[in-house]
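Survey of secondary and tertiary structure
Now for the letters of each chain:
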Amino acid sequence: MSTSSCFSQRLYIRLNRKDIAFFKFLLESRDNLAYLTVIDKYLAVVQIVFGYGFEHAIQNFLDEAGQDLVFKIIYMPV
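In this numbering scheme, every chain counts its residues from 1 along its sequence in written order. Two thresholds apply to this predicted model, a pLDDT of at least 70 for residue-level local features and 80 or more for giving and counting side-chain atom pairs, whereas whole-chain, interface and lining totals are computed over all residues. To obtain the side-chain values, all non-hydrogen atoms of the structure were included, while hydrogens and water were left out.

A few points about the pattern of salt bridges
Put simply, the rule reads: Whenever Lys or Arg places a side-chain nitrogen within 4 Å of a carboxyl oxygen from Asp or Glu, that contact is recorded as a salt bridge. Every helix listed is a DSSP run of H or I at least four residues long, and every strand listed is a run of E at least two residues long, numbered separately from the N terminus. In this scheme, a residue with accessible area under 20% of its type's maximum is buried, one over 50% is exposed, and one in between is partly exposed, where area comes from a 1.4 Å probe on protein chains only.
Tallied over the entire structure, the rule returns 3 salt bridges. For K18, the salt bridge identified is with D19, shortest N-O distance 3.2 Å. Between K24 and E28 there is a salt bridge, and its shortest N-O distance comes to 3.8 Å. Pair noted here: K24 and E28 are both in helix α1 (residues 20–28), with a separation of 4 residues, about one helical turn. Accessibility expressed as a relative area gives 51% for E28, which makes it exposed.

Re α1
This is how it is decided: Of all possible arcs, the one meant is that of the directions from the helix axis to the C-beta atoms. The contact criterion used throughout is that any non-hydrogen atoms of two residues lie within 4.5 Å.
Three or more residues of α1 are buried, namely I20, F23, L26 and L27. Buried residues of α1, seen end-on, are gathered within an arc of 125 degrees and therefore sit on one face of the element. The outward face of α1, more than 90 degrees from its buried face, is lined by the exposed residues A21, F25 and E28. Residues of α1 that are buried sit in contact with β1 (9–15), β2 (35–40), β3 (45–50), α2 (55–65) and β4 (71–75).

Quick look at the packing of aromatic side chains
Definition in use: Between rings of Phe, Tyr and Trp, where Trp is taken as its six-membered ring, a pair exists when centres lie within 6.5 Å; planes separated by under 30 degrees are stacked, by over 60 edge-to-face, and by other angles tilted.
Scanning the entire structure with this criterion turns up 4 aromatic pairs. Centroid distance Y12 to Y75: 6.1 Å. Interplanar angle 45 degrees. Geometry classified as tilted. Highlighted residues: Y12 in strand β1 and Y75 in strand β4, separated in sequence by 63 residues. Relative accessible area serves as the criterion here: at 22%, Y12 is assigned to the partly exposed category. Look at Y75 and you get partly exposed, because its relative accessible area is 46%. On the basis of an interplanar angle of 15 degrees and a centroid distance of 6.5 Å, the ring pair of F22 and F25 is categorised as stacked. With F22 and F25 both in helix α1, this residue pair falls 3 residues apart, about one helical turn. Each residue in the set F23, F61 and F71 is aromatic and connected to the rest through ring pairs, giving one cluster.

Keep in mind these values describe shape, not function.
The following block contains the structure:
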């Protein structure tokens, strides 16, 4: 196990380019839940980095965000 994986987890999401800013706004409205980095602005792939123990909160966020936005999780650690 690498040192970086001890502190955080990552998941990757693809969404519509026009929705990136709104998705980031929704995520930032959840104080310190996670942070978002745009990996590919042309394919609209974003990375969400969050701490261990926040898996349930991230899933709740994704469920709620899915009511307003269309996106696909392209990688989520097991």
